[in-house]
Amino acid sequence: MDKRSSFVATWPNDVALVSEWREQVRAYNEWSGEQFLSADIETLVADRALFFDELLATLWQRLQFPDESCALLAVGGYGRGALHPESDIDLLFLVPGPLPTRQQERISQFITLLWDLRLQVGHAVRTVAECMQQAAADISVATSLIEHRLLTGSETLRQQLEQQLHYDFPWSSRDFYQAKKQEQVARHQQYHGTAYNLEPNIKSSPGGLRDIQTISWIAKQHFNTHSDESLVEFNYITAEEFIELKECSHFLWRIRFALHLTAGKAEDRLLFDYQPDVARLLGYLAAADTQVQKASKAAVERMMKDYFKVVLRVGELNRMLLQFFEQAILGPMELTEPTPLNDEFALLNQQIMARTDNAFAKPAAVMEFFLVIANHPQITGVRSHTIRLLRNARRNLTKPLCEYPECRAIFLQIIEHPRGFGLAFELMHRFGIIARYLPAWDHIVGQMQFDLFHAYTVDEHTYRLINNLYKLTDPDDSESFPLASEIMQELPAPQWLFLAGIFHDIAKGRGGDHSELGAQDALAFASLHELPEAAGELIAWLVEKHLLMSVTAQKRDIYDPEVIAKFANECRTIERLNHLYCLTVADIRATNSNLWNNWKATLLEELYRATYESLLQKDKKTFDVRERVQNNRQLAMGYLLSAGFEVDHINQLWGRFTADYFFRHTPEQIAWHSQHIMHVQEHQLPLVLIGDENNNGTTELFIYHHEESHLFAKVAAVLDSEQLSIHDAQILNTRDGYVMDTFIVLQRDGHPLADAQRIEEVHQHLHDVLRKRRPVPTSQRSISRRLRNFKVRTRVKFVNLKNARRTTFELITLDRPGLIARLAAVFQELDINLMAAKITTVGEQAEDLFIVASNNQEALTESEREALKNAIISALSDE
């Protein structure tokens, strides 16, 4: 770029004029940033490297380094001749031996000057021998030396280093390969082994720039070359693959360049804070967009979709080329003859391979490949050359595979196979074949949502759901999810459930209701593949209703017979209920690793069992409430009698309790509460119990106390200050003026309270506040960095349930510290009593259900509902 020359021409004559040098660097950086929108990224990063090459060479000359006493080399990323705005400038001072004091002072002065210019400089001073010693001891040093350039100084010293690296590189090709591969595995594990991170590291995440560099380093070391292009000549990589890697690299470079400009510092994490501005710099956000927030979110989603598609391509090439290097270039440690599997494919060292380069000549052969994998459980992977052939066949497809009748027939065999959704489907997903079979799947590849709820792209989430379902079919892996496993293993045609999993989110990103659109896609698939009519209807129903059970369990009062009756009416049959339960368990677990917990498992199982009983008794509109109350009382009585309590004392206590209490609590809970209430003295109140009587893996908090106004507000404030989240609350009164409040709480990480000392601290804090020995705490925590990047409009919606004494409403708002405590304060201010709450956090969004009553224990009037709605919106809109 010619502009660089104008900066060089105006450099100060004296190195002491630091402020003038600094201004030159600042001006160049500003100009370079301005060129980002129009310049080719490869030219831009190369020009930055050249600018600093010339700057360093000029400063070297001005400091009068003797030409033969030292060589200044660029190494690492700078050595590759590409530099981003905030990248480190890694330098190696190559010296012939111990330096005289004057030379040491010059180097020190040189580095200090660079720091004064506010450059990010990393440096080392070594002899050639020391370089080789360090390279032998540290793979990172060895790697940095592979890509070095002479900036200025002694060419003789550089040649000496070059000869040593050429003839005496301290790592063999096999050892270097193994070390870099292990390094990559360890790096990937830091990101949980997936490229689908909400805030990816452009450089280090799986599929990032470091994966591209790893391919290059291993090959350059083996072939002893400095040129990426020459790797094509050595038959390590094809010309098409080389071009693809360059395209991917340039895309990631553009994101990294824009990220550095946005952050104003060396930042490779594409944090939520930066994503909208990076998307804008990359041109995803049109200047004419007037709905800024909505347009910005859509722009980020488009950018991230392109990003995820690129890192998937990089990951595929990285795995294939590293495997190819090990198998074809290094050669096997021992020779083994392939075992034929059929006319086209064979088995070699537990990996499937094509027997000829024409193995995938016909589209049906692509599908046949995955059926062979399903048929042979000893297969664990695919040979690298076969991956290359499959990639070429995928590229040459002219229409979706599902349009070929023979491919449809094979696909049906795969999904009906007991192992069809194991490794076979995993590889169909990984190698992009399912996207070539189903056009709708291709649309969801890389599709993400700019929120904290969906941790994966739609295609990856769907694959994980399918994998979760597949694990449920394994009798040896039934302990984790016994009910779902039992149901799954008894399904007569599990393939219909797997297909529902494939289609459940397939219409996301199209606009409209993705459940309804996905159901239409499922029906079209069933018609094209000539599935039985009943199967097509079941699949479509599951897709359309795939959120129903999760919403009902987490956002409705599942102890309300009306809720159960309504849900059962939606399911209609036990067959549908069984399929929907398994789909829901697999779906929640595949959405976000932090989303599933024992409390959600308990809610879903209780909803399933209540609905199952309701469907068995079709002649009844609802299941028998009195029967459940009586059954709970009888079992709890047995527990208490075996513990030594007398019938009269128990009945005397229970005479104070309402039927609603016995209906909403298990026999174990009733016995636990009762024995402690019978032992507690009036002056010892409040009674605070903390435990897990139902063995649900949650923490149950039970409070028995004199009835007083807005006890919930105090409890919520204490729990918030103790870093505990309320997931469920039941507020009940006795007939004689006492409260019996039950809370389900978890720690912020989703785990129950387990430490005895921590439990005692929470117990004492609650006891002291309720006894008025300590003030009610106020939340001091601020909204996290992540949450600040999201805007959620507060919405209050009243739910029309047939209960004249209760009012139910849903709240959707931004999740934040102290949210429940703040709502409790609103209830207190308006003299509204909370009767029950279901607290659900969906990423950055709180989606909660509250059941309230007036101070007279009646449903709220229309004016009271309006006042409550306005007060909540006002209380939550100040941030």
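Here the structure is a predicted model, which is why all the values come from computation and not from measurement.

What follows concerns the overall build of the protein. In terms of regular secondary structure, the protein is built from 37 helices and 17 strands. Taken over the C-alpha atoms alone, the protein extends approximately 105 × 70 × 60 Å along its principal axes. In the protein, which comprises 879 residues, the proportion classed as buried is 57%. Counting 90 positive and 117 negative side-chain charges, the protein places the averaged centre of each group 3 Å from the other.

Turning to the packing of helix H2 (residues 18-35) against helix H3 (residues 41-62), a few remarks are in order. Direction vectors running N to C along H2 and H3 enclose 170°, while the axes themselves pass 11 Å from each other. In terms of axis orientation, H2 runs roughly antiparallel to H3. Each of Trp-21, Gln-24, Val-25, Tyr-28, Asn-29, Trp-31, Ser-32 and Gln-35 in H2 lies in contact with H3, whose residues at this interface are Leu-44, Asp-47, Arg-48, Phe-51, Phe-52, Leu-55, Thr-58, Leu-59 and Arg-62.

Below, the discussion takes up the sheet that holds strand S7 (residues 351-354). Strand order in the open sheet formed by four strands is S5-S6-S7-S8, with mixed pairing between adjacent strands. In this open sheet, the two strands that pair with only one neighbour each are strand S5 (339-340) and strand S8 (381-382). For S5 and strand S6 (residues 345-348), the ladder comprises two bridges, and the chain directions are antiparallel. Across the sheet, the residue bridging to Pro-340 is Ala-346, located in S6. Packing of helix H16 (residues 384-396) onto the sheet brings it into contact with S7 and S8, and relative to S7 it is tilted by some 55°.

What follows concerns unusual backbone geometry. With glycine set apart, most residues show a phi of negative sign, and most peptide bonds adopt trans. At the junction of Leu-685 and Pro-686, the peptide bond is cis and its omega measures out at 5° in the coordinates. Within the fold, Pro-686 resides in the loop between helix H33 (667-679) and strand S9 (687-691). Backbone geometry at Gln-723 places phi at a positive 60°, although glycine is not the residue there. Tracing the backbone through its elements, the reader meets Gln-723 in the loop between helix H34 (711-721) and strand S11 (724-733). Residue Gln-723 is classed as partly exposed on the basis of its relative accessible area of 34%.

In regular strands, side chains alternate between the two faces of the sheet. Counting buried positions along strand S12 (residues 738-747) yields nine of 10 residues, so the element is predominantly enclosed. Examined bridge by bridge, S11 and S12 share nine bridges and lie antiparallel to one another. Residue Ala-729 lies in a different strand from S12, and its bridge partner there is Phe-743. As consecutive antiparallel partners, S11 and S12 are separated by four residues, and within that stretch Gly-737 has a phi angle of approximately 90°, a positive value.

On to the packing of helix H21 (residues 458-472) against helix H28 (residues 574-591). Running from N to C, H21 and H28 cross one another at 130°; their axes reach a closest spacing of 8 Å. When the axis of H21 is compared with that of H28, the two are oblique. The interaxial crossing formed by H21 with H28 has right-handed handedness. Here His-461, Arg-464, Leu-465, Asn-468 and Leu-469 of H21 come into contact with H28, specifically with Cys-582, Leu-583, Ala-586, Asp-587, Arg-589, Ala-590 and Thr-591. Class assignment for the residues of the contact of H21 with H28 results in six nonpolar, three polar and three charged.

Take the nonpolar core next. Among the nonpolar cores identified, the biggest contains 223 residues, and Tyr-236, Met-367, Phe-370, Trp-441 and Trp-654 are the most heavily contacted of them. Per-element tally for this core: the top contributor is helix H14 (residues 292-329), with 16 residues. When neighbours within four sequence positions are excluded, Tyr-236 is seen to be in contact with Ile-215, Ala-219, Phe-223, Leu-231, Leu-321, Leu-322, Phe-324, Phe-325, Ile-329 and Arg-388. Core analysis: the next-biggest nonpolar cluster, separate from the first, contains 45 residues, Ile-726, Ala-729, Ile-820 and Ala-824 among them.

Right, let's get into empty space enclosed by the protein. According to the stated counting rule, one finds five cavities of 30 Å³ or more in the structure shown. The computed volume of the second largest cavity comes to approximately 60 Å³. Around the second largest cavity, the lining residues are Gln-447, Gln-449, His-454, Ala-455, Tyr-456, Thr-457, Val-458, His-461, Asp-505, Lys-508 and Thr-591. Across the lining of the second largest cavity, the residue classes tally to three nonpolar, six polar and two charged.

With that settled, the discussion passes to the state of the cysteines. Cysteine pairs can be covalently joined through their sulfur atoms, and such a bond is termed a disulfide. In this structure the tally under the stated criterion is zero disulfides. Here Cys-70 is not cross-linked by a disulfide; its sulfur's nearest cysteine counterpart is in Cys-131, at 11 Å. On the basis of relative accessible area, Cys-70 is assigned to the buried category, the value being 1%. Accessibility expressed as a relative area gives 1% for Cys-131, which makes it buried.

A cluster of acidic side chains, namely Asp-474, Asp-476, Asp-477 and Glu-479, defines a negative patch on the protein surface. Summarising the element assignment, Asp-476 is placed in the loop between H21 and helix H22 (482-490). Using a relative accessible area of 74% as the deciding quantity, one classes Asp-476 as exposed.

Let's shift gears to the environment of Thr-813. Looking at where Thr-813 falls in the secondary structure, it is placed in strand S14 (residues 807-814). Owing to a relative accessible area of 0%, Thr-813 belongs among the buried residues under this scheme. Beyond its immediate chain neighbours, meaning those up to four positions away, Thr-813 contacts Val-792, Thr-794, Leu-819, Glu-844, Gln-845, Ala-846 and Leu-876.

It is worth spelling out the sheet that holds strand S2 (residues 89-94) at this point. Strand order across the open sheet formed by four strands is S3-S2-S1-S4, with mixed pairing between neighbours. Two strands close off the open sheet at either side, each with one partner strand: strand S3 (121-126) and strand S4 (149-153). Between one strand and the next, the sheet's axes are offset by a mean angle of 25°, whatever the strand orientation. Taken together, the four bridges between strand S1 (residues 71-74) and S2 define a ladder with antiparallel strand orientation. Looking at S2, one finds that Ala-71 is bridged to Leu-94.

Attention now moves to the packing of aromatic side chains. Tallied over the entire structure, the rule returns 42 aromatic pairs. Seen in terms of ring centroids, Phe-223 and Tyr-236 are 6.3 Å apart; in terms of plane orientation they differ by 55°. Their pairing is tilted. Remark: Tyr-236 occurs in the loop between helix H11 (230-233) and helix H12 (239-263) and Phe-223 occurs in helix H10 (residues 209-223); sequence separation between them is 13 residues. An aromatic cluster of three or more residues is present, and its members are Trp-11, Trp-21, Tyr-28, Trp-31, Phe-51 and Phe-52. Against the face of Tyr-78 rests Arg-149, its NZ or CZ located 5.2 Å from the ring centre. One residue, Arg-865, lies across the ring of Phe-798, its end atom 5.8 Å from the ring centre.

Across all of its chains, the model carries 39 salt bridges by this definition. As a salt-bridge pair, Glu-847 and Lys-555 come within 2.1 Å of each other at their nearest N and O atoms. With Glu-847 in strand S17 (residues 845-853) and Lys-555 in helix H26 (residues 548-555), this pair connects stretches of sequence that are 292 residues apart. In this pair, the class of Glu-847 matches that of Lys-555, namely buried. Glu-605 is the partner of Arg-609 in a salt bridge, and the nearest nitrogen-oxygen pair spans 3.0 Å. Here the residue Arg-609 and the residue Glu-605 both occupy positions in helix H29 (residues 598-616), the gap between them amounting to four residues, near one helical turn. Arg-609 sits in the partly exposed class, given a relative accessible area of 44%. Several salt bridges converge on common partners, so that one network encompasses Glu-244, Glu-247, Arg-313, Glu-316, Arg-391 and Arg-394.

Next up on the list: H29. Helix length check: H29, at 19 residues, gives a terminal C-alpha distance of 27 Å against a target of 27 Å (1.5 Å per residue), a fit within 8%. The set of residues buried in H29 consists of Trp-599, Lys-600, Thr-602, Leu-603, Leu-604, Leu-607, Tyr-608, Ala-610, Thr-611, Ser-614 and Leu-615.

Cut-offs used in this document
Residues numbered from 1 in each chain as written. Predicted model: local features only at pLDDT ≥ 70, side-chain atom pairs only at ≥ 80, totals over all residues. Heavy atoms only, no water. Helix = DSSP H or I, 4+ residues; strand = E, 2+ residues; numbered from the N terminus. Buried < 20%, exposed > 50% of the residue type's maximum accessible area, 1.4 Å probe, protein only. Lys, Arg positive; Asp, Glu negative; His and termini not counted. Charge placed at Lys NZ, Arg CZ, Asp CG, Glu CD. Axes fitted to C-alpha atoms, helices over the stretch in contact; angles between N-to-C directions. Parallel < 35°, antiparallel > 145°, perpendicular 65-115°, else oblique. Contact = heavy atoms within 4.5 Å. Pairing = 2+ DSSP bridges. Left-handed = near helix turned anticlockwise from the far one by under 90°. Nonpolar A, V, L, I, M, F, W, Y, C, P; charged D, E, K, R; others polar. Core = buried A, V, L, I, M, F, W, Y, C linked by side-chain atoms within 4.5 Å. 1 Å grid on protein atoms, 1.4 Å probe; cavity = no way out; pocket = protein on both sides within 12 Å on 5 of 7 lines; lining within 4 Å. Points joined across faces, edges and corners; volume = space filled by probe spheres on them. Disulfide = S-S within 2.5 Å. Patch = residues over 30% accessible without salt bridge, like charges linked within 9 Å, V, L, I, M, F, W, Y side chains within 5 Å. Areas by Shrake-Rupley, 256 points an atom, 1.4 Å probe, with all protein chains shown as cover. Salt bridge = Lys/Arg side-chain N within 4 Å of Asp/Glu carboxyl O. Phe/Tyr/Trp six-rings, centres within 6.5 Å; stacked < 30°, edge-to-face > 60°. Lys NZ or Arg CZ within 6 Å of the ring centre and 35° of its normal. Expected span 1.5 Å × (residues − 1).

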